[in-house]
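Residues per chain are reported as follows:
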Amino acid sequence: MTEDTTPTSPEDLARHAEKMAKKKAARDKIMATKTGEKGLIIVHTGKGKGKSSAAFGMIFRHIAHGKKCAVVQFIKGAMSTGERDLILRHFSDLCEFHTMGEGFTWETQDKARDMAMAKAAWEKAKDLIRDPANSMVLLDEINIAIRYDYIDLGEVVAFLRDEKPAMTHVVLTGRNAKEELIDLADLVTEMELIKHPFRSGIKAQLGVEF
């Protein structure tokens, strides 16, 4: 049994209130200096699960605020996913959705075709990013396409640096993000793998992985 350390005396409550007031004042002072706005380059990478899921969370926030956005999937193939089905069924007026890949390269076993599909996806991505109507564009699994040299890293970096509209957010997902993209990005999150059910023989499950 653990001891209850919740402050209950008037003196404890007063000290707690004073402490929280000081924290709030310090926080408010910091927040007052954060007045800038810009279109962010956001990278979700790492071996852990949740990179695309977190990115789609931001897409759904855009949709909820009535802001136009778009998704380009570089690797995932024809398999139905909850995110795509929901967007196409209910929110296609706010979010363009393009599944340009045909699956992972070990499934297609056709490098030339994989490269052609990835390049087509990149061309579509550039058009969507250039479109001032889109507030956010998600490039799902583009890091994998770059890793396999299906798309030129230098071209991606140069485009995002020089041509991305100032207020457009671009999200890039996939493990093994290149250092050049990480250096360019405004926000980088690395998902760390601690445990995964696949290692215990559990397959990908509806509503969790897709």
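Residues numbered from 1 in each chain as written. Predicted model: local features only at pLDDT ≥ 70, side-chain atom pairs only at ≥ 80, totals over all residues. Heavy atoms only, no water.

**Here we look at the sheet that holds strand β5 (residues 169-173)**
Here's step 1: Spatially, the six strands line up as an open sheet ordered β3-β2-β4-β5-β1-β6, and their pairing is parallel. The open sheet has two free edges, formed respectively by β3 (95-99) and β6 (187-190), since each of these has just one partner strand. Sheet twist, expressed as the average angle between the axes of neighbouring strands with direction ignored, equals 10°.
Here's step 2: Note that strand β1 (residues 41-45) and β5 share four bridges and pair parallel. Paired with V43 across the strands is L172, a residue of β5.
Here's step 3: Helix-sheet contacts for helix α3 (residues 82-90) involve β2 (69-73) and β3, and the interaxial angle to β3 is about 135°. (Pairing = 2+ DSSP bridges. Helix = DSSP H or I, 4+ residues; strand = E, 2+ residues; numbered from the N terminus. Axes fitted to C-alpha atoms, helices over the stretch in contact; angles between N-to-C directions. Contact = heavy atoms within 4.5 Å.)

**Section: a positive patch on the surface**
Here's step 1: Residues K47, R147, R175, K178 and R199 make up a contiguous surface patch of positive charge.
Here's step 2: Mapping R175 onto the fold places it in the loop between β5 and α8 (179-184).
Here's step 3: Note on R175: relative accessible area 35%, which makes it partly exposed. (Patch = residues over 30% accessible without salt bridge, like charges linked within 9 Å, V, L, I, M, F, W, Y side chains within 5 Å. Areas by Shrake-Rupley, 256 points an atom, 1.4 Å probe, with all protein chains shown as cover. Salt bridge = Lys/Arg side-chain N within 4 Å of Asp/Glu carboxyl O. Lys, Arg positive; Asp, Glu negative; His and termini not counted. Charge placed at Lys NZ, Arg CZ, Asp CG, Glu CD. Buried < 20%, exposed > 50% of the residue type's maximum accessible area, 1.4 Å probe, protein only.)

**A short note on the packing of aromatic side chains**
Here's step 1: All told, the structure shown has three aromatic pairs when counted by the stated rule.
Here's step 2: A ring pair is formed by W122 and F159, whose centres lie 5.5 Å apart and whose planes are at 80°; its orientation type is edge-to-face. Of the two residues, W122 sits in helix α5 (residues 111-130) while F159 sits in helix α7 (residues 153-162), which places them 37 residues apart along the sequence. Of the two residues, W122 and F159, neither departs from the other in class, the shared state being buried.
Here's step 3: The interplanar angle of 25° and the centroid separation of 5.8 Å between the aromatic rings of Y148 and Y150 together place this pair among those described as stacked. (Phe/Tyr/Trp six-rings, centres within 6.5 Å; stacked < 30°, edge-to-face > 60°.)

**Digging into the nonpolar core**
Here's step 1: The biggest cluster of nonpolar side chains holds 31 residues, and the ones touching the most others in it are F74, W122, L139, I151, L160 and L172.
Here's step 2: Mapped by element, the contributors of at least two residues to this core are β1, β2, α5, β4 (136-140), α6 (142-147), α7 and β5.
Here's step 3: Looking at this core, the element that brings in the most residues is α5, giving six residues.
Here's step 4: Non-local contacts of F74, meaning those with residues more than four positions away in its chain, are made with G101, A118, A121, W122, A125, L139, D140, E141, I142, A145 and I151.
Here's step 5: Membership of the second largest hydrophobic core comes to 15 residues, among which are A55, V71, I87 and C95. (Core = buried A, V, L, I, M, F, W, Y, C linked by side-chain atoms within 4.5 Å.)

**As for the pattern of salt bridges**
Here's step 1: All told, the structure shown has eight salt bridges when counted by the stated rule.
Here's step 2: With a shortest N-O distance of 3.0 Å, E155 and K126 are connected by a salt bridge. Separated by 29 residues along the polypeptide, E155 in helix α7 and K126 in helix α5 bring together distant segments of the chain.
Here's step 3: For E155, a relative accessible area of 32% gives the class partly exposed.
Here's step 4: We note a salt bridge from D162 to R161, for which the minimum N-O separation is 2.9 Å.
Here's step 5: Among the charged side chains, a salt-bridge network with shared partners connects E123, K126 and E155.

**Here's the deal with the environment of P197**
Here's step 1: Looking at the secondary structure, you find P197 in the segment after β6.
Here's step 2: The class for P197 is partly exposed, based on a relative accessible area of 39%.
Here's step 3: In sequence terms P197 and K178 are 19 residues apart; their C-alpha atoms lie 27 Å from each other.

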